[in-house]
Amino acid sequence: MRRPFIAGNWKMNTTKADAVALASALASGINADANADVAVCPPGVYLDAVVAAVSGSAVAVGAQNMHHEASGAYTGELSGGMLQDIGCTYVILGHSERRHVFGESSSDVNKKVHTALALGLKPIVCVGELLEEREAGKTADVNSEQLYGSLAGVTAEQMANVTLAYEPVWAIGTGKVATPEQAEAVHADIRKFLAYRYNDEVANSVRIQYGGSVKPGNANELLSQPNIDGALVGGAALSAESFLGIIAAA
Ligand code: PEP
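What counts, and at which threshold
Residues numbered from 1 in each chain as written. Predicted model: local features only at pLDDT ≥ 70, side-chain atom pairs only at ≥ 80, totals over all residues. Heavy atoms only, no water. Helix = DSSP H or I, 4+ residues; strand = E, 2+ residues; numbered from the N terminus. Rg over C-alpha atoms; globule rule 2.2 N^0.38 Å. Buried < 20%, exposed > 50% of the residue type's maximum accessible area, 1.4 Å probe, protein only. Contact = heavy atoms within 4.5 Å. Areas by Shrake-Rupley, 256 points an atom, 1.4 Å probe, with all protein chains shown as cover. 1 Å grid on protein atoms, 1.4 Å probe; cavity = no way out; pocket = protein on both sides within 12 Å on 5 of 7 lines; lining within 4 Å. Points joined across faces, edges and corners; volume = space filled by probe spheres on them. Nonpolar A, V, L, I, M, F, W, Y, C, P; charged D, E, K, R; others polar. Pairing = 2+ DSSP bridges. Salt bridge = Lys/Arg side-chain N within 4 Å of Asp/Glu carboxyl O. Near = heavy atom within 4 Å. Polar contact = N/O pair within 3.5 Å; in protein donor to acceptor, adjacent residues only side chain to side chain. Axes fitted to C-alpha atoms, helices over the stretch in contact; angles between N-to-C directions.

**So, the overall build of the protein**
Here's step 1: Scanning the protein from terminus to terminus reveals eleven helices and eight strands.
Here's step 2: Since a compact globule built from 250 residues should have a radius of gyration of about 18 Å, the 17 Å found for the protein is in line with a globular shape.
Here's step 3: Taken over 250 residues, the protein has a buried fraction of 50%.
Here's step 4: A separation of at least 24 residues holds for 72% of the contacts in the protein among residues at least 6 apart in sequence.
Here's step 5: A total accessible area of about 10,800 Å² is found for the protein, and carbon and sulfur atoms account for 52% of it.

**Let's talk about empty space enclosed by the protein**
Here's step 1: Within this structure, the stated rule accounts for one cavity of 30 Å³ or more.
Here's step 2: One number sums up the size of the largest cavity: a volume of about 40 Å³.
Here's step 3: Those elements giving two or more residues to the lining of the largest cavity turn out to be helix H4 (96–100) and strand E5 (122–127).
Here's step 4: Here the lining of the largest cavity is built from residues that sort into three nonpolar, five polar and two charged.

**Comments concerning the pairing of strand E6 (residues 163–166)**
Here's step 1: The two faces of E6 match: Thr163 and Ala165 on one face and Leu164 and Tyr166 on the other face are all buried.
Here's step 2: Sheet topology note: the E5/E6 ladder contains four bridges and is parallel. Note on E6: the bridge partner recorded for valine 125 is leucine 164.
Here's step 3: Sheet topology places E6 next to strand E7 (residues 208–211); three bridges connect them, and they run parallel. Across the sheet, tyrosine 166 pairs through a bridge with tyrosine 210, a residue of E7.

**Here's the deal with unusual backbone geometry**
Here's step 1: Positive phi, close to 50°, is recorded for lysine 11, a residue that is not glycine.
Here's step 2: Along the chain, the position of lysine 11 falls in the loop between strand E1 (5–9) and helix H1 (16–29).
Here's step 3: You will see that serine 213, though not glycine, has its phi angle at about 60°, which is positive.
Here's step 4: Tracing the backbone through its elements, the reader meets serine 213 in the loop between E7 and helix H10 (216–223).
Here's step 5: According to the relative accessible area criterion, serine 213 is buried, its value standing at 11%.

**Notes on the pattern of salt bridges**
Here's step 1: For the structure shown, the criterion picks out nine salt bridges.
Here's step 2: For aspartate 37, the salt bridge goes to arginine 207, with nearest N and O atoms at 2.8 Å. Separated by 170 residues along the polypeptide, aspartate 37 in strand E2 (residues 37–41) and arginine 207 in the loop between helix H9 (200–205) and E7 bring together distant segments of the chain.
Here's step 3: Owing to a relative accessible area of 22%, aspartate 37 belongs among the partly exposed residues under this scheme.
Here's step 4: Measuring nitrogen to oxygen at the nearest pair gives 2.8 Å for the salt bridge that ties glutamate 129 to arginine 134.

**A closer look at the layout of surface pockets**
Here's step 1: By volume, the largest pocket amounts to about 590 Å³.
Here's step 2: Here the residues of the lining of the largest pocket sort into ten nonpolar, seven polar and four charged.
Here's step 3: Approximately 270 Å³ is the volume found for the second largest pocket.
Here's step 4: Considering every element that reaches the lining of the second largest pocket, the biggest residue donor is H9, with three residues.
Here's step 5: Within the lining of the second largest pocket, the residues separate by chemical class into seven nonpolar, four polar and four charged.

**Re the site of the ligand**
Here's step 1: The environment of the ligand is formed by 14 residues, the closest being Lys11, Glu167, Gly173, Ser213 and Gly234.
Here's step 2: A distance of 3.5 Å separates an oxygen atom of the ligand from a polar atom in the side chain of asparagine 9.
Here's step 3: Compared with its free state, where it exposes 300 Å², the ligand has 96% of that area covered by protein.
Here's step 4: Looking at the shell around the ligand residue by residue, the classes come out as four nonpolar, eight polar and two charged.

**Structural notes on the environment of glutamine 225**
Here's step 1: The residue glutamine 225 is located in the loop between H10 and strand E8 (230–233) in this model.
Here's step 2: C-alpha of glutamine 225 to C-alpha of glutamate 184: the two residues are 41 residues apart in sequence and 6.2 Å apart in space.
Here's step 3: The contacts of glutamine 225, once residues within four sequence positions are left out, are Pro180 and Glu184.

**Quick notes on the sheet that holds E6**
Here's step 1: Pairing is parallel around the closed barrel formed by eight strands, whose spatial order is E1-E2-E3-E4-E5-E6-E7-E8. Neighbour to neighbour, the strand axes of the sheet diverge by 25° on average, direction disregarded.
Here's step 2: Two strands pair when backbone bridges link them, and E1 and E8 are joined in this way by four bridges, in the parallel orientation. Bridging from a neighbouring strand, isoleucine 6 pairs with alanine 231 of E8.

In short, geometric facts, not functional conclusions.
Structure follows, in structure tokens:
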């Protein structure tokens, strides 16, 4: 039985005061016996403050990205060691905005996945097709290419610390949510990929989140699909009320 996992990606939003207030509201709003793992991924500059705000609660903290090298002349970047040093548990890797706005390839994502796992950080590895790729019937090819590339060299044992997120790019921040049937079909394909690439145990245990305009009103139907194990939430994670509503749906 896979435990649901709900993560909030705050992207480049909030002030420090808003980030701390949101984190504190979530920390006090989530029961320790909630039936889901919960994480928030604030902007890098507020990670430390958010780690302090959720300390002792059931809310974990993740970063939105990291560099694959341990240190050096990489102006503007944060290393995985820095994230771990300040108390991050998770790191989102290969988000579609990193892939399509900043030009990250699956091979870039793969280097980060290896560094994160070596440090004990748990990666949330995102994959997803563009609208034109879906319309051209390439959804399965695009997702399996991104999965193969992003997970190259990752062992079956290491997969115990990896979460996957299927985020159709056309549904992110657009209000156009994939139907539960569309999302479930891709999640089921990803699980088949895991069985083929690894084994049944990995396929049955790795959590696959759905991301793309998840809201309290549509979370229940999406999360009740057999292969959807949680959500990676953007816009609706910026309000405690709506994020707690999604957690309640899980
Ligand atoms: C995301 O950023 O990963 C995301 C799914 O955003 P939204 O929920 O706003 O579509």
